[in-house]
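Below, each chain spelled out in residue letters.
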Amino acid sequence: MSKPSLPQGTRDFSSETVRKRNHIFSTIKSVFECYGFEPLETPAMENLETLMGKYGEEGDRLIFKILNNGLNDPKNETKAKEGFEKLLNGKNSSALTERALKYDLTIPFARYVAMNHGQLTFPYKRYQIQPVWRADRPQKGRYREFTQCDADVVGSTALINEVELSNIYHEVFIRLGLNKYSLKINNRKILSALAEKIDGSNLLIDITIAIDKLDKIGIDKVNQELMQRGLAQNQIDFINQYLNVNGDNQEKLEKIEKLLSNNNQATEGINELRYIIQVANKANIDIDFTLARGLNYYTGTIFEAKAPAEIQMGSIGGGGRYDNLTALFGVSNIPGVGISFGVDRIYDVMDEMNLFPNNIYSSVRALFFNMGIEESKFSYSVMQTVREKGIACELYHEHAKLDKQFKYADKKNILFAVIIGSQEMNSNTCILKNLQTGEQQQIPLEELLNSFKNNSRPLTNPNTH
RNA sequence: GUGGUUGUAGCUCAGUUGGUUAGAGCACCAGAUUGUGAUUCUGGGGGUCGUGGGUUCGAGCCCCAUCAUCCACCCCA
């Protein structure tokens, strides 16, 4: 038996980590609910067919596929061997795999809407908080199993949805203490207009992939990459003018309007951005014409949320408008727009910035000390009356030195020690000790409940991990 | 998928050009102290040196493979 281990890129979450993650989940959830979104959950696995071809070539490669059962059955042998041959040639074979772990929450959601559009009330606003899996090589802020929190609105083209989603980003990040986040926003229509302007509509994806890297690799390397991707010098020159558009949001919009004049797509995209920044005036929106985003189903507004600049971390959220996602599943005319929070990255950022409040480390309120066989029976019955009032407490599991029982209470961040020895038993009293202040007093048992109510939770961070 | 980094006690890490029986701090257990958390003192348990091969009289150290980790690329949350 070898040492137990975890698959690459997956993690166990200790109690402290779970509490911190729950703090993020509940914050996001309450904001989603506040904006009228309803919960949805879908299975961990989907039919492979549902997922393939939805995330681009690279995305397909990163989908975790599940091997079919029963391949070793003799009657499946030729089928299995044929399937394997296909696999070696780089093709998927339903003979070998027909299910896969979900890669994101948006496509399964589109599948759900396509299957249930008859029953849903539109616009349908749903949120979903579930793990997803990607067969990527792990590194900083990147895991093979991670949790996404999505909110999407389908069945509406109204821009007010984009406004609401922007405000949701703002509300969540403010509540979590990430005040200096930034929300980059752009519109695919503007990118399309750029491609049209230089007669390069067929190269739209190449252009967006290259310019998306601007802040990372610099203008020279972007130009190099554009050249490699087959763009001519005059096209690149125009793209450079596009990339040089700067200033505050208003200035940028005016400049891009001039640069991409007489183009319907550009006009539409610009008007949409203008509406969003005007109505969602509270959010930290930063128009960024270099924002492109990989997923090729986006058609209008695109979002990307960035951690405060002082933290080295990629995007902590993203989303956009997709005007016909359910068409992939045979149901057309259901436009939608959605956003996603990357909880695992938000966690890492908050951890690095020390933003978790201390009061999330809730623990049991009191430890009843075990002073012997008879004493512990008595303590147990007292404790049960306290538990009936909804106050969390524990009885130390065995008779042990007080030193040990105190240390246990310390480690579990328990505020009160309740000591009932033979003397206290005889007088129907107990010793109540506040472990933070060290104060202790002997009180009648009837007063025990009240003493808990008047005291707040411990506020120290437990050192257990 | 490509390139690099690291892997020694529960945790953080030393370990010399390859050379006796692999160390420290913290943590843990017992006692000094059988009704009060600290400190101090005394004693104690713990390791197939990530795993599997190889070179060598001899490997924690060198070589190969493999797994995991962290980092960069690609891509992405």
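Criteria and cut-off values
- Residues numbered from 1 in each chain as written.
- Chains lettered and ligands numbered in written order.
- Predicted model: local features only at pLDDT ≥ 70, side-chain atom pairs only at ≥ 80, totals over all residues.
- Heavy atoms only, no water.
- Near = heavy atom within 4 Å.
- Polar contact = N/O pair within 3.5 Å; in protein donor to acceptor, adjacent residues only side chain to side chain.
- Helix = DSSP H or I, 4+ residues; strand = E, 2+ residues; numbered from the N terminus.
- Buried < 20%, exposed > 50% of the residue type's maximum accessible area, 1.4 Å probe, protein only.
- Pairing = 2+ DSSP bridges.
- Patch = residues over 30% accessible without salt bridge, like charges linked within 9 Å, V, L, I, M, F, W, Y side chains within 5 Å.
- Areas by Shrake-Rupley, 256 points an atom, 1.4 Å probe, with all protein chains shown as cover.
- Salt bridge = Lys/Arg side-chain N within 4 Å of Asp/Glu carboxyl O.

**Topic: the protein's contact with RNA strand B**
Near RNA strand B there are 42 residues, and of these Lys-140, Arg-142, Arg-345, Asp-410 and Leu-435 occur at the shortest range. Lys-140 is positioned with one of its backbone polar atoms (N or O) 2.4 Å from a phosphate oxygen of RNA strand B. A distance of 3.5 Å separates a base oxygen of RNA strand B from a polar backbone atom of Ser-422. Among the elements of the structure, helix H3 (56-61), strand S6 (145-154), strand S10 (315-322), helix H15 (402-411), helix H16 (422-427) and strand S15 (429-434) are those that each provide at least two residues to the surface near RNA strand B.

**So, the pairing of S6**
It is a general feature of regular strands that their side chains alternate between the two faces of the sheet. In terms of residue burial, S6 counts as a mostly covered element, since 9 of its 10 residues are buried. Sheet topology places strand S5 (residues 124-133) next to S6; 10 bridges connect them, and they run antiparallel. Residue Pro-131 lies in a different strand from S6, and its bridge partner there is Thr-147. Pairing of S6 with strand S11 (residues 336-342) involves 7 bridges; the strand directions are antiparallel. Pairing of Val-153 across the sheet is with Val-337, part of S11.

**Side note on a nonpolar patch on the surface**
Judged by side-chain polarity, Phe-84, Leu-87 and Leu-88 come together as a nonpolar surface patch covering roughly 300 Å² of accessible area. Along the polypeptide, Phe-84 turns up in helix H4 (residues 77-88). Take Phe-84: its relative accessible area is 44%, and that puts it in the partly exposed class.

**Regarding the sheet that holds strand S4 (residues 99-101)**
The 3 strands lie next to each other as S2-S4-S3, forming an open sheet whose pairing is antiparallel. Edge positions in the sheet fall to strand S2 (45-47) and strand S3 (65-66), since each of these pairs with one other strand and no more. Of the strand pairs in this sheet, S3 and S4 are connected by 2 bridges, and their pairing is antiparallel. Pairing of Lys-65 across the sheet is with Ala-100, part of S4.

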